[in-house]
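# Survey of secondary and tertiary structure
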Amino acid sequence: MKLKDIFIANLKFYRKQKGLTQNDLTLALNKSYNYINSIEQGKMLPSFDVIEQMCDILGVSPPQLFDSNASPQNIQTFSKEVYIEELSSRLLERLSPLVRETIRDSLK
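The paragraphs below set out a description of the structure included in this document.

Basis of the calculations
- Residues numbered from 1 in each chain as written.
- Predicted model: local features only at pLDDT ≥ 70, side-chain atom pairs only at ≥ 80, totals over all residues.
- Heavy atoms only, no water.
- Axes fitted to C-alpha atoms, helices over the stretch in contact; angles between N-to-C directions.
- Helix = DSSP H or I, 4+ residues; strand = E, 2+ residues; numbered from the N terminus.
- Parallel < 35°, antiparallel > 145°, perpendicular 65-115°, else oblique.
- Left-handed = near helix turned anticlockwise from the far one by under 90°.
- Contact = heavy atoms within 4.5 Å.
- Nonpolar A, V, L, I, M, F, W, Y, C, P; charged D, E, K, R; others polar.
- Phe/Tyr/Trp six-rings, centres within 6.5 Å; stacked < 30°, edge-to-face > 60°.
- Lys NZ or Arg CZ within 6 Å of the ring centre and 35° of its normal.
- Buried < 20%, exposed > 50% of the residue type's maximum accessible area, 1.4 Å probe, protein only.
- Arc of directions from axis to C-beta.

### Some details on the packing of helix H1 (residues 3-17) against helix H4 (residues 48-58)
Look at H1 against H4: their axes get within 10 Å of each other, and the N-to-C directions meet at 30 degrees. One element, H1, and the other, H4, form an angle in the roughly parallel class. Along this stretch, H1 crosses H4, giving a crossing that reads as left-handed. Facing Phe 7, Leu 11, Tyr 14 and Arg 15 of H1, the residues of H4 in contact are Ile 51, Met 54 and Leu 58. Residues that form the contact of H1 with H4 fall into these classes: 6 nonpolar, no polar and 1 charged.

Below, the structure is given as structure tokens:
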């Protein structure tokens, strides 16, 4: 999937998730009629400033709009078990030094 297609799919997904129509987002950006429609059809691409405004409105970070793992297809097929394993590993990595320190302090 091309970066442009990823951006468009993510934009549509997050716009709909926020409950906004194309017109709602166009008005929130203070742009002319059919602006978002033109972007979502791939006829034009927004500037970096507009992308930042979109992110503020949609409540996402700019990388989320370009992340192939954040696309609707990947979100729907995302393995919860993989997520649980990755998150558990990161948490254990961060907590282990704190647990050791607490145990050492309690033995003093």
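Read on, since the account is not over.
### Examining the packing of aromatic side chains
In this structure the tally under the stated criterion is 2 aromatic pairs. Seen from their ring centres, Phe 13 and Tyr 14 are 5.2 Å apart, and the 75 degrees between their planes marks the pair as edge-to-face. The ring of Tyr 35 carries Lys 31 above its face, with NZ or CZ at 5.6 Å from the centroid.

### Focus on H4
Among all positions in H4, only Val 50, Ile 51, Met 54, Cys 55 and Leu 58 are buried. End-on, the buried residues of H4 take up no more than an arc of 145 degrees, which puts them together on one face. Facing away from the buried side of H4, by more than 90 degrees, are the exposed residues Asp 49 and Asp 56. Where H4 is buried, its residues touch H1, helix H3 (35-40) and helix H5 (62-66). One or two residues past the end of H4 sits Gly 59, with phi positive at roughly 70 degrees.

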